Amino acid sequence: MRKLRMLFIVLTLLCSIEVPAQDAEYKDGAFLWSIGAGYEWMSDAYSSQGFAMDVRARFYLSERLFGELMGHWGTHDGHKEVLQNGRPFMAADHRNVLVGAVGPGYDLWQNSDRSLDVYVKGLVGYGSRKNEYDDYEPVDATDGKVTLGREKVSSGLAFVVGVGVDTRYKRYTLSPSVDVFLLCGEWHFAPMLSVGFYY
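Reference entry: report on the structure contained in this document. (Residues numbered from 1 in each chain as written. Predicted model: local features only at pLDDT ≥ 70, side-chain atom pairs only at ≥ 80, totals over all residues. Heavy atoms only, no water.)

## Thoughts on the packing of aromatic side chains
Part 1 of the reasoning: Counted under the stated rule, the structure contains six aromatic pairs.
Part 2 of the reasoning: Measuring from ring centre to ring centre gives 5.3 Å for Y60 and F66, while their planes differ by 55°; the resulting arrangement is tilted.
Part 3 of the reasoning: Look at F66 and you get buried, because its relative accessible area is 1%.
Part 4 of the reasoning: An angle of 80° between the planes, with centres 6.0 Å apart, marks the rings of F66 and Y119 as edge-to-face. In this pair, F66 is assigned in strand 4 (residues 65-84) and Y119 in strand 6 (residues 116-140), connecting sequence segments 53 residues apart.
Part 5 of the reasoning: Since its relative accessible area comes to 0%, Y119 is described here as buried.
Part 6 of the reasoning: Ring-pair connections join several aromatic residues into one group, and the members of that group are Y60, F66, Y119 and Y198.
Part 7 of the reasoning: The cationic tip of R58 hangs over the ring face of Y119; the distance from NZ or CZ to the ring centre is 4.4 Å.
Part 8 of the reasoning: R168 extends its terminal NZ or CZ atom over the ring of Y198, reaching a point 4.7 Å from the ring centre. (Phe/Tyr/Trp six-rings, centres within 6.5 Å; stacked < 30°, edge-to-face > 60°. Buried < 20%, exposed > 50% of the residue type's maximum accessible area, 1.4 Å probe, protein only. Helix = DSSP H or I, 4+ residues; strand = E, 2+ residues; numbered from the N terminus. Lys NZ or Arg CZ within 6 Å of the ring centre and 35° of its normal.)

So this is what it looks like as structure tokens:
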């Protein structure tokens, strides 16, 4: 609930900013600033629960080619049921991910007034992962060893590929997208919805 409240406040502030409208006839030389929120799936998490937020700055080098700078935060707070001494036990799992990445993108298709387009992008950057979890090692079919409160911190290169759709009304955009991350040997899948404005 707190995350949704924070997202609502940020979106309200974003929509209240007065900026010059971009000419509908071109994108060349324009900035697109956006913020998004959605779901994040992590390949090593105990459950499918997850939440993600992005902040992006895109600069158009031509009518279709752009460069993007992206900041990403993802979190997972879940659990899984395991057996210990023949009894169910809920093993906890909390994970946080931070990624900063930059790279090119391209509008594969756009309509005549640039109010709708489909884009792809490929980014490279650096990221970190922090995992706090209860480790579980099965001994047999009805028993296992639980180690409470383990922690693992890792960081390294991040690779991002994404596809999305920008819908535009005047200077504002609404963009559903899907990004796939590879960070520290683990996959992340993040569909989200972003709002933005051209400047």
